Amino acid sequence: MPFVDFDEVPLGIDASRAHPARRYDYWLGGKDNFVVDRESAKMIAGSFPTIRMSAIENRRYLHRVVRFLAGEAGIRQFLDVGAGLPSAGNVHEIAQEIAPESCVVYVDNDPIVLVHARALLRSTPEGRTAYLHADLRDPGTILSMPDLKRTIDLDKPVALMLLAVLHFLDDDEEAHRVFRVLREALPSGSYIALSHASTDDLAPDVDLAEREELNRRAGIPFRLRHSSELAELCAGLELVEPGVSALSLWRPNVPPEQRPRIENVCMHGLVARVP
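Calculation rules
Residues numbered from 1 in each chain as written. Predicted model: local features only at pLDDT ≥ 70, side-chain atom pairs only at ≥ 80, totals over all residues. Heavy atoms only, no water. Helix = DSSP H or I, 4+ residues; strand = E, 2+ residues; numbered from the N terminus. Rg over C-alpha atoms; globule rule 2.2 N^0.38 Å. Buried < 20%, exposed > 50% of the residue type's maximum accessible area, 1.4 Å probe, protein only. Contact = heavy atoms within 4.5 Å. Areas by Shrake-Rupley, 256 points an atom, 1.4 Å probe, with all protein chains shown as cover. Lys, Arg positive; Asp, Glu negative; His and termini not counted. Charge placed at Lys NZ, Arg CZ, Asp CG, Glu CD. Axes fitted to C-alpha atoms, helices over the stretch in contact; angles between N-to-C directions. Left-handed = near helix turned anticlockwise from the far one by under 90°. Nonpolar A, V, L, I, M, F, W, Y, C, P; charged D, E, K, R; others polar. pLDDT = per-residue confidence, 0-100. Expected span 1.5 Å × (residues − 1). Arc of directions from axis to C-beta. Core = buried A, V, L, I, M, F, W, Y, C linked by side-chain atoms within 4.5 Å. Salt bridge = Lys/Arg side-chain N within 4 Å of Asp/Glu carboxyl O.

(A) Inspection of the overall build of the chain at higher detail. Across its full length, the chain holds 10 helices and 8 strands. Computed over its C-alpha atoms, the radius of gyration of the chain comes to 18 Å, within 12% of the 19 Å expected for a compact globule of 275 residues. In terms of its C-alpha atoms, the chain occupies a principal-axis envelope of roughly 45 × 45 × 40 Å. Counting the 275 residues in the chain, one finds 53% classified as buried. Excluding contacts between residues fewer than 6 apart, the proportion of contacts in the chain whose partners are at least 24 apart in sequence is 75%. Summed over all atoms, the accessible surface of the chain reaches about 12,400 Å², with 51% contributed by carbon and sulfur. Here the chain contributes 31 positively and 41 negatively charged side chains, and the mean placements of these two sets differ by 3 Å.

Have a look at this one:
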């Protein structure tokens, strides 16, 4: 993967503010992050020491979900919103290994992601990939972008990937609005895959208000939600077994002794079919 020379910050990148994609890159062991991202990451780790494990487990969950969608569910189109920096095992790599004709659109709002995506996101000859520089908060713009329409057909089933991204919408009304606009754009037979930081497995002595205030001080507002809120968000959709669950319990592919403790991850996920 190309390495960004942080002595020469690319035009349009604000190196003074932490960004979720770069902070996540740091937790996954990447190099494409700034001091402010690392400081933000370390601040969160002071309150939640296993946050790196949580990021890694979310990535493993992505791999299992894409294998299910491209394999058992037969999906050939993917829209990954909040995709983050490219790393090994991206959506198109897994999907196209199963079905080379798979088409994938990635969306993120960090210019560094744009630089790497254009350099690294190489499709199979049979399939297609595209990267959209856009913001989750403006789903209408995402859905209307020409590169999206050239890459996937919204009249045919699509897998909408919203992994570890909705929790950055700390206003519940906005989160529901964004989810609704994206959901309503999907035809019958589509799927939505979701992962989200959750309150279910927090220790009893954790002060949630204090945790969310720490997130704000770390420069990236962040809203933990209970799994029941995720189920409510997906009302009317058909949940795929095992429904809303801790990430490590969603169709695990390793024995129990190799899975992280759910309280060390504190994330829940689901896959749901659009009827």
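(B) Representation of the packing of helix 3 (residues 51–70) against helix 4 (residues 91–98) within the structure. Where helix 3 meets helix 4, the axes come as close as 9 Å, and the angle between the chain directions of the two elements is 35 degrees. Here helix 3 and helix 4 pass one another in a crossing that is right-handed. Across the interface between the two elements, Leu62, His63, Val66, Arg67 and Ala70 from helix 3 touch Val91, Ile94, Ala95 and Ile98 from helix 4. Classifying every residue of the contact of helix 3 with helix 4 by side-chain character gives 7 nonpolar, 1 polar and 1 charged.

(C) Fine view of the confidence of the model for the chain. Residue-level pLDDT values for the chain average 88, and 92% of them are 70 or greater. Every residue in residues 1–7 scores below 50 in pLDDT, and together they form 19 contacts with partners more than four places removed in sequence or on other chains.

(D) Region of the structure containing helix 8 (residues 172–184). A rise of 1.5 Å per residue sets the reference length of helix 8, with its 13 residues, at 18 Å; its end C-alpha atoms lie 18 Å apart and thus fit the reference within 8%. Three or more residues of helix 8 are buried, namely Ala175, Val178, Phe179 and Leu182. Seen from one end, helix 8 has its buried residues packed into an arc of 95 degrees, which puts them on one side. Facing away from the buried side of helix 8 by over 90 degrees, the exposed positions are Glu173 and Glu184. Considering only its buried residues, helix 8 is in contact with helix 6 (139–144), strand 4 (159–163), strand 5 (191–197) and helix 10 (227–233).

(E) Quick look at the nonpolar core. By size, the foremost hydrophobic cluster in this structure holds 54 residues, and its most contacted members are Val65, Val66, Leu69, Phe78, Met161 and Val271. For this core, the leading source of residues is helix 3, giving 9 residues. With residues near it in sequence (within four places) discarded, Val66 still touches Gly71, Phe78, Val91, Ile94, Ala95 and Met161.

(F) Quick peek at the side chain of Asp25. Position of Asp25 relative to the elements: it lies in helix 1 (residues 20–27). Comment: no salt bridge for buried Asp25; closest opposite-charge side chain is Arg38, at 7.6 Å. Contact partners of Asp25, with chain neighbours within four places excluded, come to Gly30, Lys31, Asp32, Asn33 and Leu85.

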